[in-house]
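Tertiary structure, described
Listed below are the residues making up each chain.
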Amino acid sequence: LFEGRLALVTHMSSAMAPVKPSGTAGPKEVELILVKEQNGVQFTSSALVSPSGQTHPSGEERETWGKKIDFLLSVIGFAVDLANVWRFPYLCYKNGGGAFLVPYLFFMVIAGMPLFYMELALGQYNREGAAGVWKICPIFKGVGFTVILISLYVGFYYNVIIAWALFYLFSSFSGELPWIHCNNTWNSPNCSDLNSTLLNDTYKTTPALEYFERGVLHLHESSGIDDLGLPRWQLTSCLAVVIVVLYFSLWKGVKTSGKVVWITATMPYVVLTVLLLRGITLPGAIDGIKAYLSVDFLRLCDAQVWIEAATQICFSLGVGFGVLIAFSSYNKFSNNCYRCWVFVFCLSPGPGLVFIIYPEAIATLPGSSVWAVIFFIMLLTLGIDSAMGGMESVITGLTDEFKFLHKHRELFTLFIVVFTFLISLICVTNGGIYVFTLLDHFAAGTSILFGVLIEAIGISWFYGVDRFSDDIQEMIGQRPGLYWRLCWKFVSPCFLLFMVVVSFATFNPPKYGSYYFPAWATMLGWCLSISSMIMVPLYAFYKFCSLPGSFCDKLAYAITPETEHHLVERGEVRQFTVRSHHTSSHHTAKQTRLQQFNG
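For every chain, the first residue of the written sequence is number 1, and numbering continues from 1 onward in sequence order. Only residues with pLDDT of at least 70 get local features here, since the model is predicted, and only at 80 or more are side-chain atom pairs given and counted; chain-wide, interface and lining totals rely on the full set of residues. The basis for the side-chain values is all heavy atoms of the structure; hydrogens and waters are excluded.

1. Considerations on the overall build of the protein
- Every helix listed is a DSSP run of H or I at least four residues long, and every strand listed is a run of E at least two residues long, numbered separately from the N terminus. In terms of regular secondary structure, the protein is built from 23 helices and six strands.
- Put simply, the protein has 599 residues, and 55% of those count as buried.
- Accessible area of the protein: about 26500 Å², with a carbon and sulfur share of 66%. The classification of residues rests on relative accessible area computed with a 1.4 Å probe and restricted to protein chains. Under 20% of the type maximum is buried, over 50% is exposed, and intermediate values are partly exposed. Accessible areas in this description were obtained via Shrake-Rupley with a 1.4 Å probe; residue shielding takes into account the shown protein chains only.

2. Notes on the state of the cysteines
- Sulfur atoms of two cysteines make up a disulfide when they are within 2.5 Å. For the structure shown, the criterion picks out one disulfide.
- Between the sulfur of Cys182 and that of Cys191 lies a disulfide, 2.0 Å long from S to S. The chirality of the disulfide connecting Cys182 with Cys191 is left-handed, given an S-S dihedral of about -70 degrees.

3. Digging into the packing of aromatic side chains
- Planes of paired rings set the category: under 30 degrees apart is stacked, over 60 is edge-to-face and the rest tilted, where pairs are Phe, Tyr or Trp rings (Trp by its six-membered ring) whose centres lie within 6.5 Å. Scanning the model with the defined rule gives 48 aromatic pairs in all.
- Taken together, a centroid distance of 5.1 Å and an interplanar angle of 75 degrees make the contact between Phe375 and Phe376 edge-to-face. In this pair, the class of Phe375 matches that of Phe376, namely buried.
- Summarising the aromatic geometry, the rings of Tyr515 and Phe517 are spaced 5.4 Å apart at their centres and angled 75 degrees between planes, so their arrangement reads as edge-to-face.
- Since its relative accessible area comes to 18%, Tyr515 is described here as buried.
- Taking the relative accessible area as the measure of exposure, Phe517 reaches 9% and is therefore buried.

4. Quick look at the UniProt feature "binding site: Na(+)" (unreviewed entry) in the protein
- Annotation from UniProt places "binding site: Na(+)" (unreviewed entry) at Gly77, Ala79, Val80, Asn84, Ser316, Leu382, Asp385 and Ser386.
- Summarising the element assignment, Leu382 is placed in helix α14 (residues 368–401).
- Classification of Leu382 as buried rests on a relative accessible area of 3%.
- What makes two residues a contact is simply this: any of their non-hydrogen atoms within 4.5 Å. Apart from residues no more than four positions distant in its own chain, Leu382 is found in contact with Gly77, Val80, Asp81, Leu82, Val85, Tyr158 and Pro268.
- As for its placement among the helices and strands, Asp385 is situated in helix α14. UniProt positions are given in the numbering used here, feature names are shortened, and annotations may be inferred rather than shown by experiment.

5. Details of unusual backbone geometry
- Positioned with a positive phi, Arg127 is a non-glycine residue whose angle comes to about 55 degrees.
- Note that Arg127 resides in the loop between α3 (101–126) and α4 (141–172).
- Looking at Arg127, the relative accessible area reads 4%, which means it is buried.
- With a phi angle near 60 degrees, His218 is a residue other than glycine that sits in the positive phi range.
- Tracing the chain through its elements places His218 in the loop between α5 (207–216) and α6 (233–250).

6. Observations concerning the nonpolar core
- Within the largest apolar cluster, 173 residues are counted, with the highest numbers of intra-cluster contacts made by Phe116, Trp164 and Leu379.
- It is α4 that provides the largest number of residues to this core, a total of 21 residues. We define a nonpolar core as any set of buried Ala, Val, Leu, Ile, Met, Phe, Trp, Tyr and Cys residues linked to one another through side-chain atoms lying within 4.5 Å.

7. Here's the deal with the confidence of the model for the protein
- The predicted model of the protein has a mean per-residue pLDDT of 81, with 81% of residues at 70 or higher.
- Of all the helices and strands in the protein, helix α23 (residues 585–598) carries the lowest mean pLDDT, 38, while helix α19 (residues 519–533) carries the highest, 97.
- Of the regions scoring below 50 in pLDDT, residues 55–59 engages in 16 contacts with residues more than four places distant in sequence or in other chains.
- Along the chain, pLDDT gives the predictor's confidence residue by residue, from 0 to 100. Low pLDDT (under 50) marks residues 196–200, which in the prediction has three contacts with non-local residues, meaning those over four places away or in another chain.

8. Notes on the packing of α4 against α14
- As a packed pair, α4 and α14 sit with axes 8 Å apart at the nearest point and diverge in direction by 155 degrees. Between α4 and α14, the angle falls in the class roughly antiparallel. Of the two possible hands of crossing, α4 and α14 adopt the one that is left-handed. In this description, a line fitted to the C-alpha atoms serves as the axis of each element, helices being fitted only across the stretch in contact, and the angle between N-to-C directions of two axes falls anywhere from 0 to 180 degrees. When describing relative orientation, an angle under 35 degrees is termed roughly parallel and one over 145 degrees roughly antiparallel, while 65 to 115 degrees is termed roughly perpendicular and anything else oblique. Left-handed describes a crossing whose near helix is turned anticlockwise from the far helix through less than a right angle; right-handed describes the clockwise counterpart.

9. With respect to helix α7 (residues 254–264)
- Of all the residues in α7, the buried ones are Val254, Thr256, Ser257, Gly258, Val261 and Thr264.
- Where the residues of α7 are buried, they touch α1 (68–79), α6, α8 (267–280) and α14.

10. Here's the deal with a nonpolar patch on the surface
- In this analysis, a patch consists of residues with relative accessible area above 30% that form no salt bridge, clustered at 9 Å for like charges and at 5 Å for the nonpolar side chains Val, Leu, Ile, Met, Phe, Trp and Tyr. Should a side-chain nitrogen of Lys or Arg be within 4 Å of a carboxyl oxygen of Asp or Glu, the pair is scored as a salt bridge. A surface patch of nonpolar side chains, about 560 Å² in accessible area, is lined by Trp461, Phe462, Leu482, Leu486, Phe490 and Val491.
- Put simply, the parts of the chain that give the nonpolar patch at least two residues each are α17 (446–476) and α18 (482–505).
- Considering each element in turn, the nonpolar patch owes the most residues, four residues, to α18.
- Within the element layout of this structure, Leu482 appears in helix α18.
- Accessibility expressed as a relative area gives 55% for Leu482, which makes it exposed.

Following this line, the structure appears as structure tokens:
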């Protein structure tokens, strides 16, 4: 049986209920939108859709995930990334142990969960990437390009972290881990073995620290960011392996990436479980857990604790990168994205913690080489998952916006990964850690908070929370509750606005260890950050100037969904309809017709 959607809008003075099909609003084999007027019936749009997929705006069938679990694992793999391994434990211990969970969970409820759900629903309903979804409010399409650029910038240095993990993995296949002692060629006279007392001696360094900075990075051969040197061939080789893996995971779209995540998304949980079981059997394990989670509620009086908790929410969930939108755009229309959100949430200060402290701790375990191999395999799978998500955000966002790229996805994917590889080579030079730090500081800091803020405002205040809720009801059969609507409309935008202001007010210039970046490097970092944020006003200005008509006409076109631009021509736009107690019957008919059409 053919299911369809038939919107009949009659041109008469009295209100007439819109015609809707019975049954659930699932994937449709025939989708028709009709407008009936006095002069007859006019076909506004029509599409034939196969049972397994959904039609893309270009007329081609939209690719979908092979199985729902492929989507879930992809989202989980992206949300649970390397930041969860190094940043959250560090912030928790630094900011009062268990007390840090108070602001963290508070911000999770008022911002993290609503924004996460919003992006999933936005992508699934509109079935477009980060830029294409803004056909619902064209003037905001610039924020789509903002998040695409942010994902691209992050890829420049995130892949380097995976290359480091691969380098450590290769180094772990040895009888004795190379970061245990100070008798290696790269060690300095200041190196002190793990058993030595380092307290009260700031000049001493550990073997793990020297292995990372001198054995892997060769940082001692660079005097600063203005003295980078050539790429190290060992790290370049590891980076090339990472890029090859990413390409063959992404080149065929979600059909291939959906299979890769079966390994990359599940492996970290297996490894963490093994490490947990091993850790709790060690002497003093309970004492260590108590010390880590000891509650210091006085720390909650420090504003910095709340700021860091709020920031961690934004970055640990991956909101604002366009990845959740891209992933959910490949869902079937009737997929219950709310249930997916619940499932994901029920699971789930820099690289020094992963590549210095963790290896140092692993070195103390019996059979340390085996544990090191297991640990760095986990890091690889965590990193690959997140890198795939970032790349998919860029690829889906641009191929959906520029239709000719759809037919050449494999070549375009190759172009993106090769371009990313070439830029990343700067981060594997002798002074590459300085470039890495600069990118990490500016690529996805204030800019991502700004992007999510504009995204929330565009959906909640211009497209409309009520209309967005109607879209969700059409997909899953139930309307979002009051909690979601209040958060989308008021709470989350206020929270994001506060975070953007705070990020500017509390800005500190980047540094690496005792090295402070020169002023020109900081300015370069700000240019990188602004280059993504500026896409919002630039595209809005371009869109406004390119639209026809008077100022009010331009504004009407700019904030009205593209599928309803014909209503603007007839002056039937909700945002610009003048309501009056003495409305003529003709005006009432037009108002009724518009509400029925939008319904």
